[in-house]
Amino acid sequence: MSISEGRAVVRKPYAILVACLTWFMAPCALAQIVIVSGAQSPLPELTRTQVEQFYLGRAHSLPDGVAVTLADLPASPLRDRFYQNLTGKNPGQIRAHWSRMVFTGRALPPQEAADIAQLRQWLNSIPNMIGYMPSAEADSRVRVLLRLP
């Protein structure tokens, strides 16, 4: 066996490993995130800017004066991707942002649900609450207000 043949043998397991990881991680990376409310919620569809303003604590109500309550999911890759996609901020920046907002008394962070099941319960019991979840989790118990890429 030549040196070049030996290198090909060594590279092959790495190529297989990378291909397997890519295959397993692809659904997570490509899953669309949706902003949702309860199925019977009176909230209208929202713009990306409105949702960004809500989740940064810069707005608390719709233009017609209807107050919006926010729900968050626990710290996870989904939550990190949601904030990065929506606001362009990483987890550390979001924590720092909310620390400033709370310290200055301008806003309180969203209520944190234990999981998606609890989020669904909250959405259906609090009419003006919004939250987010992977689009695959959005079923007839929730109403999609916005889809994030």
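Here, the structure is the one placed above.
Here's a quick rundown of the structure. Note that this is a predicted model, so its numbers are computed, not measured.

**Side note on the overall build of the protein**
Scanning the protein from N- to C-terminus turns up 5 helices and 5 strands. Beginning at the N terminus, the succession of helices and strands in the protein can be written as α-β-α-β-α-α-β-α-β-β. Across the protein, the fraction of contacts at a sequence separation of at least 24, relative to all contacts at a separation of at least 6, is 71%. Counting every atom, the protein has about 9000 Å² of accessible surface; 61% of that belongs to carbon and sulfur.

**Things to note about the sheet that holds strand 5 (residues 142–148)**
In spatial order, the strands read 3-2-4-1-5; together these 5 strands make up an open sheet with mixed pairing. If you trace the sheet from one side to the other, it starts and ends with strand 3 (111–112) and strand 5, each paired once. Both strand 2 (residues 69–72) and strand 4 (residues 129–134) contribute to a ladder of 2 bridges, which runs parallel. Looking across to strand 4, one finds that L70 is bridged to I130. Sitting on the sheet, helix 2 (residues 48–55) touches strand 1 (33–38), strand 2, strand 4 and strand 5, and the angle it makes with strand 4 is about 105 degrees. Of the strands in this sheet, strand 1, strand 2, strand 3, strand 4 and strand 5 are in contact with helix 5 (residues 116–125), which crosses strand 4 at around 150 degrees.

**Describing the nonpolar core**
Side chains of nonpolar character tend, in soluble globular proteins, to be buried together. In terms of nonpolar packing, the biggest core is built from 36 residues, with I35, Y55, F82, I130 and Y132 touching the most fellow members. Breaking this core down by element, the ones donating at least two residues are strand 1, helix 2, strand 2, helix 3 (77–87), helix 4 (91–103), helix 5, strand 4 and strand 5. With near-sequence residues (within four places) excluded, F82 lies in contact with I33, I35, Y55, Y132 and L148.

Rules used throughout
- Residues numbered from 1 in each chain as written.
- Predicted model: local features only at pLDDT ≥ 70, side-chain atom pairs only at ≥ 80, totals over all residues.
- Heavy atoms only, no water.
- Helix = DSSP H or I, 4+ residues; strand = E, 2+ residues; numbered from the N terminus.
- Contact = heavy atoms within 4.5 Å.
- Areas by Shrake-Rupley, 256 points an atom, 1.4 Å probe, with all protein chains shown as cover.
- Pairing = 2+ DSSP bridges.
- Axes fitted to C-alpha atoms, helices over the stretch in contact; angles between N-to-C directions.
- Core = buried A, V, L, I, M, F, W, Y, C linked by side-chain atoms within 4.5 Å.
- Buried < 20%, exposed > 50% of the residue type's maximum accessible area, 1.4 Å probe, protein only.

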